[in-house]
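Spelled out, the chains give:
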Number of protein chains: 2
Amino acid sequence: MSDILTRKLRRWAKFDDQDRAALDRLTMVTRPVVRGQHLIREGDDPTHVFLILEGWAQRYKILPDGKRQIVAFLMPGDLCDTHVFILEKMDHSISMMSEGQVVSIPANDMLAIIENHPRVAQALWWCTLVDEGILREWLVNIGAREAYSRIAHLFCELYIRAGAVAREGNGDFFMPLTQTDVGEALGLTSVHVNRTIRALKRSGLVDAAKNRLLMLDFEGLKDAARFDSAYLHARLVPLGG
Amino acid sequence: MSDILTRKLRRWAKFDDQDRAALDRLTMVTRPVVRGQHLIREGDDPTHVFLILEGWAQRYKILPDGKRQIVAFLMPGDLCDTHVFILEKMDHSISMMSEGQVVSIPANDMLAIIENHPRVAQALWWCTLVDEGILREWLVNIGAREAYSRIAHLFCELYIRAGAVAREGNGDFFMPLTQTDVGEALGLTSVHVNRTIRALKRSGLVDAAKNRLLMLDFEGLKDAARFDSAYLHARLVPLGG
DNA sequence: CGATGGTTTGAGGCTATTCAAACCCAGTGG
DNA sequence: CCACTGGGTTTGAATAGCCTCAAACCATCG
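Residues numbered from 1 in each chain as written. Chains lettered and ligands numbered in written order. Predicted model: local features only at pLDDT ≥ 70, side-chain atom pairs only at ≥ 80, totals over all residues. Heavy atoms only, no water.

A short note on the overall build of chain A
Along chain A, the regular secondary structure elements total nine helices and eleven strands. Here chain A has a C-alpha radius of gyration of 18 Å; the compact-globule value for 241 residues is 18 Å, and the two agree. By principal-axis analysis of the C-alpha atoms, chain A measures approximately 55 × 45 × 30 Å. Looking at the 241 residues of chain A, the share that counts as buried comes to 57%. For chain A, restricting intrachain contacts to residue pairs at least 6 apart in sequence, the fraction spanning at least 24 positions comes to 73%. As displayed, chain A has an accessible area near 10,300 Å², and 50% of this comes from carbon and sulfur atoms. (Helix = DSSP H or I, 4+ residues; strand = E, 2+ residues; numbered from the N terminus. Rg over C-alpha atoms; globule rule 2.2 N^0.38 Å. Buried < 20%, exposed > 50% of the residue type's maximum accessible area, 1.4 Å probe, protein only. Contact = heavy atoms within 4.5 Å. Areas by Shrake-Rupley, 256 points an atom, 1.4 Å probe, with all protein chains shown as cover.)

And the structure:
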């Protein structure tokens, strides 16, 4: 189960046995985490990189007036800030949205693998670029789409990133977001998110249960969102197994 | 003038003569560009990295319905997508907002310098991280602030990034954005941007002329924006000379 | 001097917010 | 086993912020 990183990175680079071994060594010591637990906080001095093995996390900032803006969702296989330890201080926080398992990788180990395993370094670059692409698309989503398509777009992205497209036939997948979370990610109030999600349900596009989202009509949802998965780059090709 | 990159990167790493020489070699051949000219377009296969020497550029995406969302402003010293050539296809376009000078750096030269000059590589990483931080802050800005403080926030960022804080005593600096640009960057209509900017003027915080912004009360503007420059990291320390 | 691109202004309408309360469900403890 | 609690969802009514459409204005430029 903890070779999830290798499996993810392998999409973007051919690794030899040494690469794989080095990656495996990183992910030896896992640590259970509970819902709400912080991996790191704004203002902290980052000394470790986190790898999510199980569960979802959120990256967010808090404004002086108490408002919260979520700027990313992290799911199994995602690395938090591969190179953030270059900076002095975290400018945001990361907390778990569900229970799960994570690995804390010391900065030095990370640096070492980057120096000694160019193919791994390249794959990590790739991840960073994809993350940046997601950030840009979020900007487009919040800046240029209205609530209905905005929420639809987020659901499409999460569906694909969670790898649920090909895996589970029925379209039901783990998605531990509250409506408040959705609002804080998309710049909407939870009240409006509620009303809009029911509109999506009424249209027969999705349904929801606690911690689960049910894709009833993925094509319809993509339509509503004007969703174009190009920005996720190769992510959407799971090539299962 | 074309040592602007070296000067910028020097903030984050100590270079030796070879580092400096390698950087200088990159920026030998400059190319004049006019306002509106594209450096690269969505869908293109990126083979070069661009360095802006003079003038401002914008990074943007176009939606199916024709709406445009600007996701970044680039100014002298900024590199466009240091590693984007790892990806197959551009997922956005970059065009000049004013005339200027740029350098096109072949991907291979870029790769070579990263491999052979670890200090330069590290400084480039730093730039990428800062760019990502800016992207996150834009998300917060669009998602969680109302028009008045949102525009104020953008102006604060541009003022600092343009290096105008310390340099020009009077607070007047080059800023080639139309009100439409501001709107497309912040998720507002140009009409509303117009009204809001006049409100900022009425409050005595800024004034504007063609291609110029005049900071009348930077402290007041920061207040209005709840601006905290931490996300720009070391950028704001110009250490002139 | 007309053309063009950008700014300004007005009026009306819609989207999303605010505030407030009710509701539902799962977990907890008496 | 039922009352209680707390987090999350749902609903309503009133309002604010921002948008749409439309037109006028202004400066610059060939």
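Moving on, there is more to tell.
Side note on the interface of chain B and chain A
If you look at the interface, chain B gives 37 residues, while chain A gives 37 residues. Buried area between chain B and chain A, summed over both chains or domains, comes out near 4,000 Å², and the portion from carbon and sulfur atoms is 71%. Remark: the boundary between chain B and chain A carries four salt bridges. Asp91(A) is the partner of Arg136(B) in a salt bridge, and the nearest nitrogen-oxygen pair spans 3.5 Å. Counting across the interface, chain B meets chain A through ten residue pairs in polar contact (both at pLDDT 80 or more). It is helix H4 (residues 118-144) of chain B that contributes the most residues to the side of chain B that touches chain A, 16 residues altogether. Here the residues of the side of chain B that touches chain A are counted per class, giving 16 nonpolar, nine polar and twelve charged. (Buried area = accessible area lost by both parts, 1.4 Å probe. Salt bridge = Lys/Arg side-chain N within 4 Å of Asp/Glu carboxyl O. Polar contact = N/O pair within 3.5 Å; in protein donor to acceptor, adjacent residues only side chain to side chain. Nonpolar A, V, L, I, M, F, W, Y, C, P; charged D, E, K, R; others polar.)

Some words on the domain arrangement of chain A
Residues and elements named next belong to chain A. What the domain assignment lists for chain A is domain 1 (4-134) and domain 2 (145-236). If you average the C-alpha positions of domain 1 and of domain 2, the two centres end up 24 Å apart. Between domain 1 and domain 2 the total buried area reaches about 1,700 Å² when both faces are included, carbon and sulfur atoms providing 60% of it. Taken as a group, Trp 56, Phe 73 and Ile 134 account for 34% of the area that domain 1 buries against domain 2, more than any other trio of residues on that side. Where domain 1 meets domain 2, there are three salt bridges. Residues Arg 68 and Asp 181 are paired through a salt bridge, measuring 3.7 Å at the closest nitrogen-oxygen approach. Where the side of domain 1 that touches domain 2 is concerned, the elements lending two or more residues are strand E5 (68-74) and helix H4 (118-144). A total of five residues in the side of domain 1 that touches domain 2 trace back to one element, the largest contributor, which is E5. Taken together, the residues of the side of domain 1 that touches domain 2 sort by class into nine nonpolar, four polar and five charged. (Domains from an automatic or database assignment.)

Some details on the sheet that holds strand E9 (residues 172-174) of chain A
Residue and element names in this part refer to chain A. Taken in spatial order, the three strands make up an open sheet running E9-E11-E10, and their pairing is antiparallel. Edge positions in the sheet fall to E9 and strand E10 (206-209), since each has one partner strand and no second. Here the strands of the sheet are splayed against their neighbours by 25° on average, with no regard to which way each runs. Looking at chain direction, E9 and strand E11 (residues 212-215) are connected through three bridges and run antiparallel. By the bridge assignment for E11, Phe 173 is matched with Leu 213. (Pairing = 2+ DSSP bridges. Axes fitted to C-alpha atoms, helices over the stretch in contact; angles between N-to-C directions.)

Topic: the protein's contact with DNA strand D
As a matter of local geometry, DNA strand D sits amid 16 residues, with Arg35(A), Gln179(A), Asn194(A), Arg198(A) and Thr189(B) nearest to it. The sugar-phosphate portion of DNA strand D accounts for 72% of its atoms within 4 Å of the protein, the bases making up the rest. The side chain of Thr189(B) places a nitrogen or oxygen atom 2.9 Å from a phosphate oxygen of DNA strand D. His192(B) places a polar side-chain atom, nitrogen or oxygen, 3.0 Å from a phosphate oxygen of DNA strand D. Counting only elements with at least two residues in the surface near DNA strand D, the list comes to helix H8 (190-202) of chain A together with helix H8 (190-202) of chain B. Among the residues forming the surface near DNA strand D, the class breakdown is four nonpolar, six polar and six charged. (Near = heavy atom within 4 Å.)

Description of the UniProt feature "domain: Cyclic nucleotide-binding" (unreviewed entry) in chain A
UniProt records the feature "domain: Cyclic nucleotide-binding" (unreviewed entry) at residues 36-78 of chain A, using the numbering of this structure. Annotation note: span residues 36-78 of chain A, helix share 0%, strand share 53%, distance between end C-alpha atoms 18 Å. (UniProt positions renumbered as here; feature names shortened; annotations may be inferred.)

A closer look at the nonpolar core
Of all hydrophobic cores here, the largest spans 178 residues; its most connected members are Phe155(A) and Phe155(B). For Phe155(A), the contacting residues outside a window of four places in its chain are Met175(A), Val182(A), Ile197(A), Leu200(A), Val206(A), Leu213(A), Met215(A) and Leu221(A). (Core = buried A, V, L, I, M, F, W, Y, C linked by side-chain atoms within 4.5 Å.)

A few points about the protein's contact with DNA strand C
Neighbouring DNA strand C are 16 residues, the closest being Thr189(A), Arg35(B), Gln179(B), Asn194(B) and Arg198(B). Protein-adjacent atoms of DNA strand C, using a 4 Å cutoff, are sugar or phosphate at a proportion of 70%. Here a phosphate oxygen of DNA strand C and a side-chain polar atom of Thr189(A) are 2.9 Å apart. With respect to DNA strand C, the side chain of Arg198(B) contributes an N or O atom lying 2.7 Å from a phosphate oxygen. Every element with two or more residues in the surface near DNA strand C is listed here: H8 of chain A together with H8 of chain B. Per-element accounting of the surface near DNA strand C gives the leading share, five residues, to H8(B). Residue classes in the surface near DNA strand C are distributed as four nonpolar, six polar and six charged.

Some points on unusual backbone geometry
Residue and element names in this part refer to chain A. Despite not being glycine, Asp 81 shows a phi value in the positive range, around 60°. One can find Asp 81 in the loop between strand E6 (79-80) and strand E7 (93-96). Overall, the relative accessible area of 12% leaves Asp 81 in the buried class.

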